[in-house]
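Observations on the three-dimensional arrangement
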Amino acid sequence: MNAAAMTPDQARAAAERVMARCDELAALSETPDALTRVYLSPEHRRANALTGDWMREAGMSVHQDSVGNIRGRYEGAAPEAPALLLGSHLDTVRDAGRYDGMLGVLSAIETVRHLHRQNARLPLAIEVVGFGDEEGTRFGITLLGSRAIAGTWPEGWLDQKDGQGIHLAGAMSEFGLDPQRVADAARPAGDIAAYLELHIEQGPCLEQADLALGVVTAINGARRLNCTFTGQAGHAGTVPMAQRRDALAGAAEWMTVVEQVTRQAGQDRVATVGSLQCKPGAVNVIPGQARLTLDIRGPEEEPLEALLDDLLARAHTIAERRDLTFDADEFYRIAATACDAGLQQQLASAVTAVQGSAPHLPSGAGHDAIAMAEHWPVGMLFVRCKGGISHHPAESVTTADVAQAIQAYTQAATDVATNTALDLNHG
């Protein structure tokens, strides 16, 4: 065991701190009876201040960047060394759990705290970031904090409005930020060597395997579409069954096809019809229009695109047979993001040392690593959560699992920093 390695007892103490701090952050909510903390809110300001205090206590220099990310830096053995970036997000969905995002930020702080207590400096600096907005709850656009660091804010984001009609630019000004200085948050490619994120799984796979930790292979790509079947409304009592052009019946048939075809496509792809509305919507009228949404996801682009093409083709076939029309409008697309193979290997080695094996699995949810991967290698470590429940107050992890996660995360960060520095020196 190297001098900077974390013992099980040290990991347990770190996990107990993390669990207590998750509770402290959960108290910073816009509502007293449910956790909601959105971007550029008073609660966001307080969460940044508290997290910044913990970063300083762990031995880091701290600052808040131009878009409201809170960032801490622990210098490497050589001044101005590139950084290994660790972290996750501090914002939440509405009526959230207390571990999604926050667990990753607080565990990263514990990694630095341990190094600092051991007087250990790595060949790379270690930076910890609490991203200000990953969920997109307030403005309906996601990954604001990480896209700012990556320098990939789309033009027009400052004009986005929240539910009260407040522009993003105005909210930034109210928070004390200059909306014209968003670009100041961007990091040159050479400043960061890699990004490692620890996160709850938000799914049931680790629990089913009876394992605390897993290594992420890829973050699923996603497509979201608004779909419409159009037929002919008519009297429910007078139009014979053989002559009906029932849009809802066509939509229902397709929904069943979506489920069956996606199941046959393999476990790595999923499809969901999440909403359905029909018109006129009366009990005694044949539906003339059915509108529904489709969300499909998978870890590889080509199979995902093939599944989408297949499902849309089957919708058109159903519509033609039923004398309906079918239209689909894609309103959201994000590419699948592969985790770096070398980082997967180093995470797997650390996880195996802690729990004896290292399962590999894709992430069905989005993460800040998506934005970071546009410029830097990314790796992710998953932690088991009870029942696979997330984005819900019942979100739950155990102290024992978190202890194993912090121990593996610290070892992986140390190995990645050492090996990456060697590669840079020999490159």
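Each remark here, short or long, concerns the structure printed above.
Now for a quick tour of the structure. (Residues numbered from 1 in each chain as written. Predicted model: local features only at pLDDT ≥ 70, side-chain atom pairs only at ≥ 80, totals over all residues. Heavy atoms only, no water.)

Glancing now at the packing of aromatic side chains. For the structure on display, the rule yields five aromatic pairs. For the pair F131 and Y195, a centre-to-centre distance of 6.2 Å together with 65° between the ring planes defines the contact as edge-to-face. Residue F131 is located in strand β4 (residues 125-131), and its partner Y195 is located in strand β5 (residues 192-200); the two are separated by 64 residues in the primary sequence. In this pair, the class of F131 matches that of Y195, namely buried. An aromatic cluster of at least three residues, connected via ring pairs, comprises F229, W254 and F326. Between R45 and the ring centre of F175, over which it is positioned, the NZ or CZ distance is 4.6 Å. Against the face of Y74 rests R121, its NZ or CZ located 4.0 Å from the ring centre. (Phe/Tyr/Trp six-rings, centres within 6.5 Å; stacked < 30°, edge-to-face > 60°. Helix = DSSP H or I, 4+ residues; strand = E, 2+ residues; numbered from the N terminus. Buried < 20%, exposed > 50% of the residue type's maximum accessible area, 1.4 Å probe, protein only. Lys NZ or Arg CZ within 6 Å of the ring centre and 35° of its normal.)

Moving on, we get to the layout of surface pockets. Roughly 1,200 Å³ of internal volume is contained in the largest pocket. If you trace the largest pocket, you find 42 residues lining it, with R297, S363, G364, A365 and G366 closest to the centre. Breaking the lining of the largest pocket down by element, the ones donating at least two residues are α6 (205-209), β7 (221-230), β9 (270-272), β12 (289-298), β13 (325-334) and β15 (360-363). When residues of the lining of the largest pocket are assigned to their parent elements, the largest contribution, four residues, is made by β15. Looking at side-chain class alone, the lining of the largest pocket contains 17 nonpolar, 15 polar and 10 charged residues. When its volume is computed, the second largest pocket comes out at roughly 250 Å³. Looking at the second largest pocket, it is lined by 15 residues, and the ones nearest its centre are V38, S41, R138, D162 and Q164. (1 Å grid on protein atoms, 1.4 Å probe; cavity = no way out; pocket = protein on both sides within 12 Å on 5 of 7 lines; lining within 4 Å. Points joined across faces, edges and corners; volume = space filled by probe spheres on them. Nonpolar A, V, L, I, M, F, W, Y, C, P; charged D, E, K, R; others polar.)

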